[in-house]
Amino acid sequence: MTITEKILAAHCGKSAVTPGEFINARVDFALGNDVTAPFAIDEFKKASIKRVFNRAKIALVPDHFTPNKDVASAQQCRKMAEFAKAYNIKYYFEQGRAGIEHVLLPEAGLVKPGDLIIGADSHTCTYGALGAFSAGVGSTDLAAVMATGKCWLKVPESIKFIYKGRLKKWVGGKDIILYTIGKIGVDGAVYKAMEFRGPTIKNLPMDDRFTMCNMAIEAGGKNGIIAPDGITDAYIKKGKCYSSDKSAVYFKTCEYDVSKLEPQVACPHLPSNVKPASRLRKINIDQSFIGSCTNGRLSDLRIAAKILKGKKVNSRVRLIVIPATQKIYLAALKEGLLEIFVKAGGAIETPTCGPCLGGHAGILAEGEVCVATTNRNFRGRMGHPKSFVYLSNAAVAAASAVKGRIAHPEEVGTPQKGTPRPNKILQRL
Amino acid sequence: MSRRTRQNIGINKEKNWKIYTRGVSLFGASPLKGKAHKFGNNVNTDEIIPARYLNTTDPKILGKHCMEDADSSFASKVKKGDIIVAGKNFGCGSSREHAPVAIKACGVSCVVAENFARIFYRNAINIGLPILESEAASKSIRASDLVKIDLNSGLIRNLNKNQQYKAQAFPKFMQKIIAAGGLMKCIKSQ
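Student: Tell me what's going on with the overall build of chain A, and back it up with residues and numbers.
Tutor: When helices and strands are counted, chain A shows 15 helices and 18 strands. Against the compact-globule benchmark of 22 Å for 429 residues, chain A has a radius of gyration of 21 Å, which places it among compact chains. Principal axes of the C-alpha set define a box for chain A whose edges measure 55 × 55 × 40 Å. Within chain A, buried positions represent 63% of all 429 residues.

In structure tokens:
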């Protein structure tokens, strides 16, 4: 069996499962946010259910439109807070103690290897980086999970992605996953489990693994997953580690040599419309956004600060930086990263999904172009239907903010002699 | 749910599993008939219902903005019973249940596509929006064709071209959920 099949089997009391089979799986952890939970709460209440299946296995995270952007959003968050209180939900994260759900939950140690996690948010697949099975669902599914602790799932076929080669400077998990989506398309893994492995992944830092699994959904994947290893163990000691058998059956195998990979950029309006950053130097930008559940982690902020130190954001460009959680915000503050961003002319905002989904705090006007470290560049995703979003890693977003156009990080000046390469910095975290 | 049904779907051992109908059976319904509205591949949830409307769960408001970023005039021209016909990977992107809710609320009776993104697929079943997968229908039906759909048989008829297409049958597991009237809409405490 594959690692995905093993975790699913373990959660439905079977010794083995096969792709295509429907199972009713036991859920270890469930989550919802201020967009999806209100619907789920309505459904839950309509059914006059008295209690949730386990008050300590549900997280409600107001992160999309917080701090509340308008009255309607405030009402939705109010509904969540009242539900959390009424049903005694242990993990309700109020603003100021929270952050973006998919960065927050691993950081809080609430999701661990071998777990089965169901979240009413499509980027729930992020936790696969820990060797967990985690998949996004909708609100009614969340209501059902909150009531029963169970979720029906179709066992997916798995696609094996093998990556070989040492990554070049300024290239990381974001570039690998964009490259992969560019190769297989936005429907290249519909209903499938995406299993990432190979020598490159073995050396890939945890933050980059989160980024890769986070974007499995952008290829239509049910889940992204990386078998736990020493890097996982250094991140979290808890959980149960599974790995795929040598005899495991895969739908297909894709093998990529990423040793020559350049920083990748997904052009409007699909995450699969991927080109090397160096071929997009003519694209002028109006905004650069560094943040989100994809690339709002401390390592991303460090990379951006490295490029922006002593530089100025181009006068035509707005730079918006959003640390993904309060903890990351504080660490960035202590390390002096926030000072670098402010001195460069960037705006720093409190943890929120905000502009990533065109919610608030960085919406694009008609005709505007944004380089964003986020996960989707669909038409209208960050604002006006006639605005344009280019997806990249934090280094490209920072370099582009300085240049006023899409830029390769090398164009802004390389680190001084003796400065460790970004990948090595990441490994040390 | 009968014991037999519970055994069939392999959940007889689960104590707290109970599906209640929400009174919207996809089967046993009279045939659907409406004008086709055509969309291409990879219609995403941001186009179906942009995030600027996600601060509400009111179907009426969501319906008014259905498909706004793919076709800004869609909500005003769609008529009750009309049918969306799209290409591959319909509903890709976010998990927002607001997407199928908006489609249903604006009067669309069924979505026919080559295939669906998985979260949208689940959500549509859950809220009782009929969806059918048919590559032939997706490719042959043109905008404004009059389409008749029998959900019991999965037959899609193009009345303009006098053609007929057979939709992929739902897996048995799903048929039981649909027959129960939309998936797990209400789960009652024991």
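Student: Before we move on, can you summarise the overall build of chain B with the specific residues and values?
Tutor: A tally of regular secondary structure across chain B gives 8 helices and 7 strands. For chain B, with 190 residues in total, the buried portion stands at 52%. Residue pairs at least 24 apart in sequence account for 70% of intrachain contacts in chain B once pairs closer than 6 positions are excluded.

Student: Which residues make up the sheet that holds strand E11 (residues 252-257) of chain A, and what values go with them?
Tutor: All names here are of chain A. Strand order in this open sheet of 4 strands is E10-E9-E8-E11, and the pairing throughout is parallel. The sheet is open, and its two edges are formed by strand E10 (223-225) and E11, each paired on a single side. Across this sheet, the average inter-strand angle for adjacent strands is 20 degrees, counted without regard to direction. Across 3 bridges, strand E9 (residues 193-197) lies against E10 in parallel orientation. If you follow Ala193 over to E10, its bridge partner there is Asn223.

Student: Tell me what's going on with the interface of chain B and chain A, and back it up with residues and numbers.
Tutor: At the interface, 42 residues of chain B touch 47 residues of chain A. Mapped onto the side of chain B that touches chain A, the elements with two or more residues apiece are helix H2 (45-48) and helix H6 (118-127) of chain B. Take the side of chain B that touches chain A: its biggest share by element is 6 residues, from H6 of chain B. Each residue belonging to the side of chain B that touches chain A can be placed in one class, and the counts come to 15 nonpolar, 15 polar and 12 charged.

Student: Explain the sheet that holds strand E3 (residues 58-61) of chain A residue by residue, including any values.
Tutor: Residue and element names in this part refer to chain A. Taken in spatial order, the 5 strands make up an open sheet running E4-E3-E2-E5-E6, and their pairing is parallel. Edge positions in the open sheet fall to strand E4 (91-92) and strand E6 (133-136), since each of these has one partner strand only. With 2 bridges connecting them, E3 and E4 associate as parallel partners. Following the sheet pairing, Leu60 is matched in E4 by Tyr92. Contacts from helix H5 (residues 139-148) reach strand E2 (29-33), E3 and strand E5 (116-119), with the element oriented near 140 degrees to E2.

Student: Requested: an account of the packing of helix H6 (residues 173-184) of chain A against helix H8 (residues 206-214) of chain A, with residues and values cited.
Tutor: All names here are of chain A. At a closest axis distance of 8 Å, the pairing of H6 and H8 adopts a crossing angle of 25 degrees. Classified by the interaxial angle, the pair formed by H6 and H8 is roughly parallel. Pair H6 / H8 crosses with right-handed handedness. Within the contact between the two elements, H6 uses Gly173, Lys174, Ile176 and Ile177 and H8 uses Asp208, Arg209, Thr211 and Met212. Looking at the contact of H6 with H8 residue by residue, the class counts come to 3 nonpolar, 2 polar and 3 charged.

Student: How would you summarise the environment of Ile61 of chain B if you had to cite specific residues and measurements?
Tutor: With respect to the helices and strands, Ile61 of chain B occurs in helix H3 (residues 59-64). Separated by 44 residues in the primary sequence, Ile61 of chain B and Ala105 of chain B place their C-alpha atoms 8.7 Å from one another.

Student: Before we move on, could you go through the confidence of the model for chain B and cite the residues and values that matter?
Tutor: Interpreting fine coordinate detail is not advised for predicted regions of low pLDDT. All names here are of chain B. Taken as a whole, chain B shows an average pLDDT of 82; of its residues, 76% reach a score of 70 or greater. Ranking the elements of chain B by mean pLDDT puts helix H1 (residues 3-8) last with 39 and strand E2 (residues 83-86) first with 98. Below a pLDDT of 50 lies the segment residues 1-26, which in the model reaches 49 contacts outside its immediate sequence neighbourhood of four places, other chains included. Reported for the predicted complex are a pTM of 0.92 and an ipTM of 0.92.

Student: Any chance you could break down the environment of Asn41 of chain B for me, citing the residues and the numbers?
Tutor: Residue and element names in this part refer to chain B. Position of Asn41 relative to the elements: it lies in the loop between strand E1 (32-38) and H2. Spatially, the C-alpha atoms of Asn41 and Glu114 are 8.7 Å apart, while their sequence positions differ by 73 residues. Contacts of Asn41, omitting those with residues within four sequence positions, involve Gly87, Lys88 and Asn89.

Student: I'd love a proper account of the pairing of strand E8 (residues 158-164) of chain A, names of residues and values included.
Tutor: Consecutive side chains of a regular strand alternate in pointing toward one face of the sheet and then the other. Residue and element names in this part refer to chain A. When E8 meets E9, the two strands line up parallel, connected through 5 bridges. When the bridges of E9 are listed, Lys160 appears paired with Glu195. With respect to chirality, the unit in which E8 leads through H6 into the neighbouring parallel E9 is right-handed. In the sheet, E8 pairs with E11 via 6 bridges, with the strands oriented parallel. Each residue of the ladder has a partner; that of Ile162, found in E11, is Glu255.

Student: Can you explain the environment of Ile58 of chain A? Please cite residues and give values.
Tutor: Residue and element names in this part refer to chain A. Structurally, Ile58 is set in strand E3. Placed 59 residues apart in sequence, Ile58 and Ile117 show a C-alpha to C-alpha distance of 10.0 Å. When residues no more than four places from it in sequence are discounted, the contact partners of Ile58 are Ala30, Val52, Ile89, Tyr91 and Met146.

Student: Give me unusual backbone geometry: which residues, what numbers.
Tutor: Residue and element names in this part refer to chain A. Here the residue pair Thr66 and Pro67 is connected by a cis peptide bond, since its omega of -15 degrees sits within 30 degrees of zero. In this fold, Pro67 is placed in the loop between E3 and helix H3 (71-86). You will see that Ser292, though not glycine, has its phi angle at about 85 degrees, which is positive. Inspection of the secondary structure puts Ser292 in helix H10 (residues 292-295). Residue classification places Ser292 among the buried positions, given that 29 C-beta atoms sit within 10 Å. Its identity as a non-glycine residue notwithstanding, Ala361 has a phi of 60 degrees, on the positive side. Relative to the assigned elements, Ala361 resides in the loop between strand E16 (346-348) and strand E17 (369-372).

Student: Just give me the short version of helix H1 (residues 3-10) of chain A, but keep the residues and values in it.
Tutor: In terms of burial, H1 of chain A is largely enclosed, as 7 of its 8 residues are buried. Residues of H1 of chain A that are buried: Ile3, Thr4, Glu5, Lys6, Ile7, Leu8 and Ala9 of chain A.

Student: Describe in detail the nonpolar core, supporting the description with residues and values.
Tutor: One broad rule of soluble globular proteins: the nonpolar side chains tend to lie buried together. Counting residues in each nonpolar core, the largest one holds 197 residues, and the members touching the most others are Ala304 and Ala398 of chain A together with Val111 of chain B. Per-element accounting of this core gives the leading share, 8 residues, to helix H14 (residues 394-403) of chain A. Contacts of Ala304 of chain A, omitting those with residues within four sequence positions, involve Ile290, Val321, Ala394, Ala397 and Ala398 of chain A.

Student: Account for helix H12 (residues 326-334) of chain A, naming residues and giving values.
Tutor: Residues and elements named next belong to chain A. Among all positions of H12, only Ile328, Tyr329 and Ala332 are buried. End-on, the buried residues of H12 take up no more than an arc of 105 degrees, which puts them together on one face. In H12, the exposed positions angled more than 90 degrees off the buried face are occupied by Leu330 and Lys334. Next to the buried residues of H12 lie helix H11 (298-308) and helix H13 (337-344).

Reading the values: rules and limits
- Residues numbered from 1 in each chain as written.
- Chains lettered and ligands numbered in written order.
- Predicted model: local features only at pLDDT ≥ 70, side-chain atom pairs only at ≥ 80, totals over all residues.
- Helix = DSSP H or I, 4+ residues; strand = E, 2+ residues; numbered from the N terminus.
- Rg over C-alpha atoms; globule rule 2.2 N^0.38 Å.
- Buried ≥ 20, exposed ≤ 12 C-beta atoms within 10 Å, placed from the backbone.
- Contact = placed C-beta atoms within 7 Å.
- Pairing = 2+ DSSP bridges.
- Axes fitted to C-alpha atoms, helices over the stretch in contact; angles between N-to-C directions.
- Nonpolar A, V, L, I, M, F, W, Y, C, P; charged D, E, K, R; others polar.
- Parallel < 35°, antiparallel > 145°, perpendicular 65-115°, else oblique.
- Left-handed = near helix turned anticlockwise from the far one by under 90°.
- pLDDT = per-residue confidence, 0-100.
- Right-handed = clockwise from strand over helix to strand, strands pointing away.
- Core = buried A, V, L, I, M, F, W, Y, C linked by C-beta atoms within 7 Å.
- Arc of directions from axis to C-beta.

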